[in-house]
Amino acid sequence: MTEFIPLLMFAAVFVALLSGYTVALTLAGVALLFAFVGIVFGVFDPKDLGFLPSRIFSLMTNQTLLAVPLFILMGVTLERTNIAQSLLKTMSQLAGRTRGGLGLAVVLVGMLMAASTGIVGATVVTMGLLSLPAMIRQGYDHGLATGTISATGTLGQIIPPSIALVLVGDVLGNAYQQAQLGQGVFSPKTVSVGDLFAGALFPGLVLVVLYCAYVLLRGNLQPSSAPPTTDDEKPELRALFSSLIPPIVLIVAVLGAILMGIATPTEASGVGAVGALSMAVVYRAINLRVLQEIVLSTMKTTSMVFFILIGASVFSLVFRGYGGDDLVHGLFLSLPGGVVAAMAVVMVAIFLLGFVLDFIEITYVVLPIVGPILLSMGVDPVWLGVMVAVNLQTSFLTPPFGFALFYLRGVAPPEIGTADMYRGVIPFIALQLMLLLLLVLFPQLATWLPRAL
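Residues numbered from 1 in each chain as written. Predicted model: local features only at pLDDT ≥ 70, side-chain atom pairs only at ≥ 80, totals over all residues. Heavy atoms only, no water.

Structural notes on the overall build of the protein
Thought 1: Counting its regular elements, the protein contains 20 helices and 0 strands.
Thought 2: The C-alpha radius of gyration computed for the protein amounts to 22 Å, which stays within 12% of the reference 22 Å derived for 453 residues, consistent with globular compactness.
Thought 3: Along the first, second and third principal axes, the C-alpha atoms of the protein reach 75 × 45 × 45 Å.
Thought 4: For the protein, with 453 residues in total, the buried portion stands at 55%.
Thought 5: Partitioning the contacts of the protein with sequence separation of at least 6, the portion at a separation of at least 24 is 82%.
Thought 6: Summed over its atoms, the accessible surface of the protein is roughly 19,100 Å², and 69% of this surface lies on carbon and sulfur atoms.
Thought 7: Of the charged side chains in the protein, 18 are positive and 20 negative; the average position of the first set lies 9 Å away from that of the second. (Helix = DSSP H or I, 4+ residues; strand = E, 2+ residues; numbered from the N terminus. Rg over C-alpha atoms; globule rule 2.2 N^0.38 Å. Buried < 20%, exposed > 50% of the residue type's maximum accessible area, 1.4 Å probe, protein only. Contact = heavy atoms within 4.5 Å. Areas by Shrake-Rupley, 256 points an atom, 1.4 Å probe, with all protein chains shown as cover. Lys, Arg positive; Asp, Glu negative; His and termini not counted. Charge placed at Lys NZ, Arg CZ, Asp CG, Glu CD.)

Laid out in structure tokens, this is it:
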């Protein structure tokens, strides 16, 4: 029965999480409990726990993960200094009297916010507070308004420079080397976070175009659901330049430096953080109180991320100590459809896990287990990373457990019903599934740019 202990570990984690326990403590606590019980019954080698300090130390000294707090600082700064609010106002004025113009502005501003924050919750809450009241006042259908905001918020999973892509890239880079070493390749190729950024850029932009097309099409086919704005005010050239150009230049500079090989993601994240703070100073949108809020929010989010990473590291160590990776490998090899069936099973599992786990836990618990196996079966690492990101994005939007819906429900006014939110996200879920299908049929959507660069 010992070969089924890894499956029991997953079951115990889900039960504990559904009971309301903290994710990081649940992952580490369940793992240590199973390890100690295994030691007592002689089915777990206590020497395996000796690797735990070195794993945690290597995690905390990982140069790639240093980009996480800096990207968080960049996003929080843009959020807390009202730069996003001025962006939305300018974009909505540019949209003019176009049917669905405000919804189009929400998608485009949300894309920029997703690229800067990289965190689904932060983008959804920010866009919900800024744009949902304006859309309701203008007479937008409640479903279309909430669906647009929720879907736009999940772009933080796929639009680089995304924190999710940083974590996925770090895990897949290690998994790719592990898979090649297992095949006897002692000079393994590497896949970097920059490769994953390049791979996700085009699919992310395709999804933004699909969102924009849907909002404009809905506004023209059902004029009452997305009426044009009655505000004839046009932004002045100076206001347009000051509110729109600098954030775009900052994000393009950060992403361009990574894609062109001028800077590593860690170096570019430092430039982005300094650039965001400099913008806030130039706009006179920052003072000591705001700076304290920015630093405190960055510290809390960063601590949460790394606390979960430590818990996931403990879980994966004990899981492998029980032979869990061999169990999963054997299950995949026994599937009749080969790599196609294995990939389908992983995608379905990740989609379902997205209902109860955040992207951090899935990235550092599931991907280290299934990643080396799929990569050893010939799956392209960049394509796999993009597929996982889009899949998680779809899961976070799907009722009734989608995280994005919970975040928006917390800031939505009372007149917005939960049924309106569920109804509103269905077309956007269909668009995300369409992107997944396109990636399956045309993997080059994710692989051509990294190879070209």
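Additional details are given in the paragraphs that follow.
Notes on the nonpolar core
Across soluble globular proteins, nonpolar side chains show a tendency to be buried alongside one another.
Thought 1: Met9, Val68, Leu155, Leu167, Leu309, Leu384 and Val386 are the most contacted members of the largest nonpolar core, which totals 153 residues.
Thought 2: It is helix H10 (residues 193-221) that provides the largest number of residues to this core, a total of 13 residues.
Thought 3: What Met9 contacts, discounting residues up to four positions off in sequence, is Val30, Ala31, Phe34, Phe315, Val318, Phe319 and Tyr322. (Core = buried A, V, L, I, M, F, W, Y, C linked by side-chain atoms within 4.5 Å.)

Things to note about the side chain of Thr302
Thought 1: If you trace the backbone, Thr302 turns up in helix H13 (residues 288-321).
Thought 2: Of the residues examined, Thr302 reaches a relative accessible area of 14% and is grouped as buried.

Quick notes on helix H12 (residues 265-282)
Thought 1: Between the first and last C-alpha of H12 there are 25 Å, a value that for 18 residues agrees with the 26 Å anticipated at 1.5 Å per step.
Thought 2: Those residues of H12 lying buried are Pro265, Thr266, Ala268, Ser269, Gly272, Ala273, Gly275, Ala276, Met279 and Ala280.
Thought 3: Directly after H12, the chain includes Arg284, whose backbone phi takes a positive value near 55 degrees. (Expected span 1.5 Å × (residues − 1).)

Section: a nonpolar patch on the surface
Thought 1: A contiguous nonpolar patch, built from Leu33, Val37, Val40, Phe41 and Val43 and spanning about 510 Å² of accessible area, is present on the exposed surface.
Thought 2: Following the sequence through the fold, Leu33 ends up in helix H2 (residues 23-40).
Thought 3: For Leu33, a relative accessible area of 53% puts it in the exposed group. (Patch = residues over 30% accessible without salt bridge, like charges linked within 9 Å, V, L, I, M, F, W, Y side chains within 5 Å. Salt bridge = Lys/Arg side-chain N within 4 Å of Asp/Glu carboxyl O.)

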